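Structure assessment
Single-letter residue listing:
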Amino acid sequence: MTLKDAKIGSTVRVRKLTGEGAVKRRIMDMGITKGIEVYIRKVAPLGDPVEVTVRGYELSLRKADAEMVEVEE
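Residues numbered from 1 in each chain as written. Predicted model: local features only at pLDDT ≥ 70, side-chain atom pairs only at ≥ 80, totals over all residues. Heavy atoms only, no water.

**A closer look at the overall build of the protein chain**
Condition: Strands are runs of DSSP state E lasting at least two residues, helices are runs of H or I lasting at least four, and both sets are numbered from the N terminus onward. Two things to know: the radius of gyration comes from C-alpha atoms, and the globule rule equals 2.2 Å times the number of residues to the power 0.38. Only protein chains enter the accessibility calculation, which uses a 1.4 Å probe. A residue is then buried if its area is under 20% of the maximum for its type, exposed if over 50%, and partly exposed in between. In this description, contact between two residues means that some pair of their heavy atoms is separated by no more than 4.5 Å. Note on areas: these come from Shrake-Rupley sampling with a 1.4 Å probe, and a residue is covered only by the protein chains present in the view. His is not counted, nor are the chain ends, whereas Lys and Arg count as positive and Asp and Glu as negative. Charged side chains are reduced to one point each, which is NZ for Lys, CZ for Arg, CG for Asp and CD for Glu.
Of the regular secondary structure elements, the protein chain holds two helices and five strands. The helix and strand sequence of the protein chain, counted from the amino end, reads β-α-β-β-β-α-β. A compact globule built from 73 residues would reach a C-alpha radius of gyration of about 11 Å, and the protein chain, at 11 Å, matches this within 12%. Taken along the three principal axes of its C-alpha coordinates, the protein chain extends 30 × 25 × 25 Å. Within the protein chain, buried positions represent 36% of all 73 residues. Taking as baseline every contact in the protein chain between residues at least 6 positions apart, the subset at least 24 positions apart corresponds to 58%. Summed over its atoms, the accessible surface of the protein chain is roughly 4400 Å², and 49% of this surface lies on carbon and sulfur atoms. A distance of 2 Å separates the average location of the 14 positive side-chain charges in the protein chain from that of its 12 negative side-chain charges.

Have a look at this one:
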């Protein structure tokens, strides 16, 4: 399951980042790393962006970036 597929209001744990190079580095710089818990706050009507809470701050991710984050409940 990816971050994009997670249900609103759920807390998930990051399993793996599948991005390459600069994109993967940018996601990691935002605080999304393996093992961290992410709370899904809300998703825009068309699914883009996804608003999450990670490491105590709110973050909005594009759908394409959210698909690169594999998570587990």
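**Description of the environment of K4**
With respect to the helices and strands, the residue K4 is situated in the segment before strand 1 (11–17). On the basis of relative accessible area, K4 is assigned to the partly exposed category, the value being 31%. Residues K4 and D65 lie 61 residues apart in sequence; the distance between their C-alpha atoms is 8.5 Å. For K4, the contacting residues outside a window of four places in its chain are K63, A66 and E67.

**Remarks on the environment of L59**
Considering the arrangement of structural elements, one finds L59 in strand 4 (residues 57–61). Once residues lying within four places of it in the same chain are set aside, the contact partners of L59 are M30, I32, V50, E51, V52 and V54.

**What about the side chain of E51?**
Mapped onto the fold, E51 is located in strand 3 (residues 50–54). When neighbours within four sequence positions are excluded, E51 is seen to be in contact with Y39, I40, R41, K42, E58, L59 and S60.

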